[in-house]
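Spelled out, the chains give:
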Amino acid sequence: MNNLQDWPEPIVRVQSLSESCLDEVPNRYIKPPLERPSIKSSSSSSSFASDDDVNIPIVDLGGLYGKDDTLRASILGEISIACHDWGFFQVINHGIKPELLDRGREIWREFFHLPMEEKQKYANSPKTYEGYGSRLGVEKGAILDWSDYYFLHYLPLPLKDYNKWPALPSNCREVIDEYGRQVVELCGRLMKVLSINLGLGERRLQDAFGGENIGACLRVNFYPKCPQPELTLGLSSHSDPGGMTLLLPDDQVTGLQVRRGNDWITVKPAPHAFIVNIGDQIQVLSNAIYRSVEHRVIVNSAKERVSLAFFYNPKGDIPIEPLKELVTPERPSLYQAMTFDEYRLFIRTRGPKGKSQVESLKSPR
Ligand code: OGA
Ligand code: NI
């Protein structure tokens, strides 16, 4: 077995494939038929709501810190329902300026449009995943996703290493830094809301994450144009292994799909919203009161897409298991303890594989 030292085969940048104007997707990227995006039928006879009418909940955080207690309670209620029913929601009026969001996204778009030799300076390895990458998982011969990415750490501070962040475009480190600082703060506020909604003290969930010593990292996804989008995926179905994710989607191009039963709902982003989702670690800590939800990304032949996925994670080396307040005789502990450092090795080795990983943590009963 590969001991996560290096990739099992030479890395091909999906962006280079896309720019070489192939008519067909290479075999390496062709998904088995059942995993391919379903082709939309435009039948008008159906009486069911079409995908176009459905969206994940949108929560206005505007009144969260105001004086109106009724409004505050109703915002908490909306988030509670969204966590239970969807595991995914968008937040607007979250307090981070639109200019910083646009600037952050554009800086990364510019990065991916730098010459390949500049980007290659940051080529990553499966040892830490930091830097410029094109696959997740180290299984030789695996079917790959139609995307490149950049991965970096903000927290804990010893892992934050500007040398592993891009130097270009100029000023990008400052923008990336400020973006991270503000998103960490927003995550802290959302953690309090989730904690209260779970019936716990407002700091309980954060404390279970390791207090101030949490992990925070950024995965910037770049989905190039694809000649046959119906045969592949930009990112295969997965749940996020960490605690909570705040995704800044592309402002022009959709692509994220969230699983709802047997359907895949395409997220329609609200302007300057973050898409928030529950990761596996909150599923474990909440003893499955909240569940991480599978999602995937589809690509298209007309437009590339950029997204910034910010992961707010527990400290890497503390055991994560159901909080004792959420374990009762009627609801016994569903999961065995595991550190996040150990847990994240699964996806880093096997790649995105739906929810198989958190399901495998089930306690023997
Ligand atoms: C991820 C992810 C979704 C997107 O990076 O984990 O789910 O829209 N990204 O890029
Ligand atoms: Ni994800």
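Rules used in this analysis
- Residue numbers restart at each chain and count upward from 1, following the sequence in its written direction.
- All chains are assigned letters beginning at A, and all ligands numbers beginning at 1, according to the order in which they are written.
- Local features in this predicted model are restricted to residues of pLDDT 70 or higher, and side-chain atom pairs are both shown and tallied only at a pLDDT of 80 or more, whereas totals for entire chains, interfaces and linings draw on every residue.
- With hydrogens and water stripped out, all remaining heavy atoms of the structure feed into the side-chain values.
- UniProt positions are given in the numbering used here, feature names are shortened, and annotations may be inferred rather than shown by experiment.
- Nearness of a residue to a molecule or strand requires only that one of the residue's heavy atoms be within 4 Å of it.
- Nitrogen and oxygen atoms within 3.5 Å of one another constitute a polar contact, given that in protein one can donate a hydrogen and the other can accept it, and given that sequence-neighbouring residues count only through two side-chain atoms.
- Accessibility throughout is a Shrake-Rupley quantity obtained with a 1.4 Å probe, and a residue counts as covered only by protein chains that appear here.
- Points on a 1 Å grid, built from protein atoms alone, make a cavity when a 1.4 Å probe fits but cannot get out and make a pocket when they are open with protein on both sides within 12 Å along at least 5 of 7 lines; residues with an atom within 4 Å of a point are the lining residues.
- Molecules are considered to sit inside a cavity or pocket once more than half of their atoms lie within 2 Å of its grid points.
- Counting from the N terminus, the helices are DSSP H or I runs at least four residues long and the strands are E runs at least two residues long.
- Polarity classes work like this: nonpolar for Ala, Val, Leu, Ile, Met, Phe, Trp, Tyr, Cys and Pro, charged for Asp, Glu, Lys and Arg, and polar for all others, with Gly in that last group.
- Any two strands between which DSSP finds at least two bridges are classified as paired.
- Salt bridge, as used here, is a side-chain nitrogen of Lys or Arg placed within 4 Å of a carboxyl oxygen of Asp or Glu.
- Only protein chains enter the accessibility calculation, which uses a 1.4 Å probe. A residue is then buried if its area is under 20% of the maximum for its type, exposed if over 50%, and partly exposed in between.
- Every residue pair with non-hydrogen atoms within 4.5 Å of one another is taken to be in contact.
- Metal donors were taken as nitrogen, oxygen and sulfur atoms no farther than 2.8 Å from the ion, or 3.2 Å where the ion is Na, K or Ca. Water is excluded, so coordination may look unfinished.

You'll find the protein chain entered in an unreviewed UniProt entry as Fe2OG dioxygenase domain-containing protein, with Hevea brasiliensis given as the organism. Annotation of the protein chain in UniProt includes, under Sequence similarities (unreviewed entry), the sentence "Belongs to the iron/ascorbate-dependent oxidoreductase family." Quoted verbatim from the Catalytic activity (unreviewed entry) heading of the UniProt record, the comment on the protein chain is "jasmonate + 2-oxoglutarate + O2 = (1R,2R)-12-hydroxyjasmonate + succinate + CO2".

Participant: What is the right way to look at the site of ligand 1 in this model?
Facilitator: Taken together, 14 residues form the shell around ligand 1, and within it N221, Y223, H295, R305 and S307 come nearest. For ligand 1, an oxygen atom lies 3.1 Å from a polar atom in the side chain of H238. Coverage of ligand 1 by the protein chains reaches 97% of its 290 Å² of free accessible surface. Comparing atom positions with the cavity grids shows ligand 1 to sit within the largest cavity. For the shell around ligand 1, the elements supplying multiple residues, two or more each, are β5 (215–223), β6 (235–238), β11 (295–297) and β12 (305–313). Top element by residues in the shell around ligand 1 is β12. It accounts for four residues. A per-class count over the shell around ligand 1 returns seven nonpolar, four polar and three charged.

Participant: Any chance you could explain the pairing of strand β8 (residues 256–260) here in plain terms?
Facilitator: Walk down a regular strand and you will see the side chains alternate between the two sheet faces. As defined by bridge partners, β8 adjoins β11 across three bridges and the pair is classed as antiparallel. For V258, the partnering residue across the bridge sits in β11 and is H295. Taken together, the four bridges between β8 and strand β9 (residues 263–266) define a ladder with antiparallel strand orientation. By the bridge assignment, R260 is partnered in β9 with D263. Count of turn residues in the β8/β9 antiparallel hairpin: two residues, of which G261 carries a positive phi of about 60°.

Participant: Quick question: what am I supposed to make of the pattern of salt bridges here?
Facilitator: Side-chain pairing between opposite charges can occur once the charged atoms of the two side chains come close. Applying the stated rule across the entire model yields 21 salt bridges. When the shortest N-O distance is used, the salt bridge between K31 and D145 registers 2.7 Å. Residue K31 is found in the loop between α1 (14–19) and β1 (58–60), and its partner D145 is found in the loop between β3 (131–133) and β4 (148–155); the two are separated by 114 residues along the sequence. For the pair shown, K31 and D145 are each scored as buried.

Participant: Just to check I follow, could you spell out the side chain of T232 for this structure?
Facilitator: The residue T232 is located in the loop between β5 and β6 in this model. A polar atom in the side chain of T232 sits 2.7 Å from the backbone oxygen of Y29. Among residues more than four places away in sequence, those in contact with T232 are Y29, K31, P37, L144, W146, C226 and V299.

Participant: Would you take a moment to explain the coordination of the nickel ion (ligand 2) for this structure?
Facilitator: Reference geometry at the metal: tetrahedral coordination by four donors gives ideal angles of 109.5 degrees; octahedral coordination by six donors gives 90 or 180 degrees. Looking at the nickel ion (ligand 2), the protein donor atoms are H238 (NE2), D240 (OD) and H295 (NE2), and they sit 2.1 Å from it. In the primary sequence, the donor residues of the nickel ion (ligand 2) line up as H-x1-D-x54-H. Placement of D240 in the loop between β6 and β7 (244–248) and of H295 in strand β11 is noted, with a sequence separation of 55 residues between them. Judged by relative accessible area, which is 6%, H295 ranks as buried.

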